[in-house]
Amino acid sequence: MTFTSLTDLSESKKQELVASLATLLVGSAADEISAESLSAVAEASGNSLSPSYASLFSSVASSAGGIDKFCAAPGSGGGGGGGAASGGAAAAEEEVEEEKEEEEEMDLGGGMDMFGGEEAGDGGY
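Sequence order as written defines residue numbering, which begins from 1 separately in each chain. Per-residue local features are limited, in this predicted model, to residues with pLDDT of at least 70; the limit for side-chain atom pairs, both in listing and counting, is 80 or more; totals at the level of whole chains, interfaces and linings are taken over all residues. In computing side-chain properties, one takes all heavy atoms of the structure into account and sets aside hydrogens as well as water.

This paragraph deals with the overall build of the chain. Each helix is a run of DSSP H or I of at least 4 residues and each strand a run of E of at least 2, with the numbering of both proceeding from the N terminus. The helix and strand inventory of the chain stands at 4 helices and 0 strands. Only protein chains enter the calculation, and the probe is 1.4 Å; a residue is then buried if its accessible area is under 20% of its type maximum, exposed if over 50%, and partly exposed in between. Counting only residues that meet the buried cut, the chain has 19% of its 125 residues in that class.

Okay, the nonpolar core next. In globular proteins that are soluble, nonpolar side chains generally tend to be buried together. Within the largest apolar cluster, 14 residues are counted, with the highest numbers of intra-cluster contacts made by Ala19, Ile33, Leu38, Leu49, Tyr53, Ala54 and Phe57. Only helix 1 (11–29), helix 2 (35–44) and helix 3 (51–63) provide two or more residues apiece to this core. In plain words, nonpolar cores are sets of buried Ala, Val, Leu, Ile, Met, Phe, Trp, Tyr and Cys residues tied together by side-chain atoms within 4.5 Å.

For the rest of this paragraph, the subject is helix 1. For helix 1, which comprises 19 residues, the first-to-last C-alpha distance of 27 Å matches the rise-based estimate of 27 Å (1.5 Å per residue) to within 8%. Taken residue by residue, helix 1 has Gln15, Val18, Ala19, Ala22, Thr23, Val26 and Gly27 as its buried positions. Across the axial projection of helix 1, the buried residues extend over an arc of 150 degrees, all falling on one side. In this structure, the buried side of helix 1 is in contact with helix 2 and helix 3. For a helix, the expected span equals 1.5 Å multiplied by the number of residues minus one. In this description, the arc belongs to the directions extending from the helix axis to the C-beta atoms. Here a residue-residue contact requires only that any non-hydrogen atoms of the pair lie within 4.5 Å.

Here you go:
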């Protein structure tokens, strides 16, 4: 969603955005994230934050153990790509081996059909 101003957002979306940004700011600067600190940051930025949003965001961040769960460390995400050309054959061979293992496990044996009788039964179902 693209917007150019906070005035373009509905009140609930604005509250969510302000609460999210305040949580990130407080969580990166302090060990404890409280509803009061979120409200203070929101007011200092010229916005208002309802007590219910402040309480919700502070309790979620606190129960998660801080904002680290929500923010990936630098260099820990995305990327990938590249290097596939060098290991492509090995990856394909590994995939074939996995398929063979799965096929071997599929043999149920036991001599029973789905009705509990012998497979070579009389066929008079």
